[in-house]
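As a plain string of letters, each chain reads:
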Amino acid sequence: MKSRTIIALLSSILGGLTVVGAGLFGARAGIRGQRAASQRVVDMLPVNAQWWREHLQHDGQLTYLAIGDSAAQGVGATVPNRGYVGLLARRIRHRSRMTVRVVNLSVSGATTWAAKQDQLPKLRGYTPDICTVSIGANDIADFDPDKFERNIRTIYAAVPSHAIVAELPCMFVPDRERKVAVANEIVHRVADELGLTVAPLHVITKRVGLRRTFFNSYGDLFHPNDRGYEIWASAFEPAVDARVDTVAAIRQYLSAREAEELGSGAGAVAAARAERDTDDAGALDHAERPGRVDRLRRRMTGSIPLPEHAERRTGDVGGSA
């Protein structure tokens, strides 16, 4: 009996050691995999930057400009244009039925301070039709609310009044989430003061949940993968769609010079003209239309109206004496 108890005890101990060993082996393999993925990210950075520089040379009827960090560069996607900037550019092209030039000013690793220093000076050379700003995630590791607000305020004041600015994404780690909550309060407050639209990136990414976010992340467990970037793009899409529709109305109802002179009021003027055209079209629909006989008469006489009742003249040939 004793021998059986000893054997069972040894078996339990060996089983436990096997499980622990397997766990440690798996953890080491996971760490090695994450390190390898992080190295691949480092290798991606110059490749993605070069890709966007080359595509900057392409002309388009609309200009979409992006300010941001490595997420705007599409790091972690299979190809750079599978990041959220590329996905939004494709959506703009399909919705507007116009060609799109993408000016991606983002820099991998950029903080709000770096974006203020490096990306804002380049912004002055462009007049974008659509503009997105997603910056601040790299500030969280060494977060200073006062510095963050100063930088955000400078960036938001420099971008066009129609720019769409994003919340910081959900990071799920409690300590970081507390900092993100403060940062997003600043994002909303400053954006509201300046009249900018906020894309609900934190709301969308938090709703996805930790488990799905894990599978929607690249191997470094920080950057999104293709599916993750689709979720990011969805946070911008309603505001981008509304802006594209406004731009299309401006292009249809206002000249480029009028739009430039009117500035932020161009969309309202274009909408008013569109509404007037709609009202005029409705009035035409209810206007009195010529009858079939009148249309035939106009066709036969070259649109010269004939008297409704021809008067008989006395003394005419064939008339009575």
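Residues numbered from 1 in each chain as written. Predicted model: local features only at pLDDT ≥ 70, side-chain atom pairs only at ≥ 80, totals over all residues. Heavy atoms only, no water.

Chemist: Please set out the overall build of the chain residue by residue, giving values where relevant.
Modeler: In terms of helices and strands, the chain carries twelve helices and five strands. Each of the 321 residues in the chain was classed as buried or not, and the buried ones make up 38%. The contacts of the chain with a sequence gap of at least 6 include a subset with a gap of at least 24, amounting to 76%. For the chain, the exposed area adds up to about 19600 Å²; of that, 55% sits on carbon and sulfur atoms. (Helix = DSSP H or I, 4+ residues; strand = E, 2+ residues; numbered from the N terminus. Buried < 20%, exposed > 50% of the residue type's maximum accessible area, 1.4 Å probe, protein only. Contact = heavy atoms within 4.5 Å. Areas by Shrake-Rupley, 256 points an atom, 1.4 Å probe, with all protein chains shown as cover.)

Chemist: I'd love a proper account of the pattern of salt bridges, names of residues and values included.
Modeler: Here the structure, examined in full by the defined rule, presents 14 salt bridges. Note that Arg 153 is salt-bridged to Glu 193, the shortest N-O span being 2.7 Å. Pair noted here: Arg 153 is in helix H5 (residues 145-158) and Glu 193 is in helix H6 (residues 174-194), with a separation of 40 residues, a long-range link. Here Glu 193 falls in the partly exposed class, since its relative accessible area comes to 48%. Glu 230 serves as the salt-bridge partner of Arg 227, at 2.9 Å between the closest nitrogen and oxygen. A residue pair is termed a helical-turn pair when its members lie 3 or 4 positions apart in one helix, as Arg 227 and Glu 230 do in helix H9 (residues 226-253) at three residues. Relative accessible area serves as the criterion here: at 39%, Arg 227 is assigned to the partly exposed category. Three or more residues joined by partner-sharing salt bridges are found here, namely Arg 91, Arg 95, Glu 237, Asp 241 and Asp 245. (Salt bridge = Lys/Arg side-chain N within 4 Å of Asp/Glu carboxyl O.)

Chemist: Residues and numbers for the pairing of strand E1 (residues 62-68), please.
Modeler: Burial within E1 is extensive, with seven of its seven residues counted as buried. Side chains Leu 62, Tyr 64, Ala 66 and Gly 68 of E1 all project onto a buried face; the interleaved residues Thr 63, Leu 65 and Ile 67 project onto the opposite face, where all are buried too. The sheet contact formed by E1 and strand E2 (residues 100-104) spans five bridges and is parallel. From the neighbouring strand, Tyr 64 faces E2, where its bridge partner is Val 102. (Pairing = 2+ DSSP bridges.)

Chemist: Could you give an account of the confidence of the model for the chain, with specific residues and numbers?
Modeler: Residues at a pLDDT of 70 or more form 70% of the chain, whose mean pLDDT is 81. Predicted confidence for residues 19-27 stays below pLDDT 50, and this span has zero contacts to residues more than four positions away or in other chains. (pLDDT = per-residue confidence, 0-100.)

Chemist: Provide a residue-level description of H6, including the pertinent values.
Modeler: With 21 residues, H6 extends 30 Å from end C-alpha to end C-alpha; this agrees with the ideal 30 Å at 1.5 Å per step. Restricting attention to buried positions, one finds in H6 the residues Glu 177, Val 180, Ala 183, Asn 184, Ile 186, Val 187, Val 190 and Ala 191. The secondary structure elements touched by the buried residues of H6 are H5, strand E4 (164-166), strand E5 (197-199) and helix H7 (201-208). Of the residues one or two after H6, Gly 195 is the one with positive phi, at around 75°. (Expected span 1.5 Å × (residues − 1).)

Chemist: Outline a nonpolar patch on the surface, listing residues and values.
Modeler: On the surface, Phe 214, Phe 215 and Leu 221 cluster together into a nonpolar patch covering about 330 Å² of accessible area. Within the secondary structure, Phe 215 sits in helix H8 (residues 210-215). (Patch = residues over 30% accessible without salt bridge, like charges linked within 9 Å, V, L, I, M, F, W, Y side chains within 5 Å.)

Chemist: Tell me what's going on with the nonpolar core, and back it up with residues and numbers.
Modeler: Counting 33 residues, the largest nonpolar core has Tyr 64, Tyr 84, Val 85, Ile 92 and Phe 236 as the members making the most contacts within it. If you list the elements that add at least two residues to this core, you get E1, helix H2 (70-73), helix H3 (84-96), E2, E4, H7 and H9. At ten residues, H9 tops the list of elements feeding residues into this core. Discounting residues that sit within four places of it in the chain, Phe 236 has contacts with Tyr 84, Leu 88, Thr 132, Ser 134, Ile 164, Ala 166 and Ala 199. Counting residues in hydrophobic clusters, the runner-up holds 32 residues, among them Ala 114, Cys 131, Ile 140 and Ala 191. (Core = buried A, V, L, I, M, F, W, Y, C linked by side-chain atoms within 4.5 Å.)

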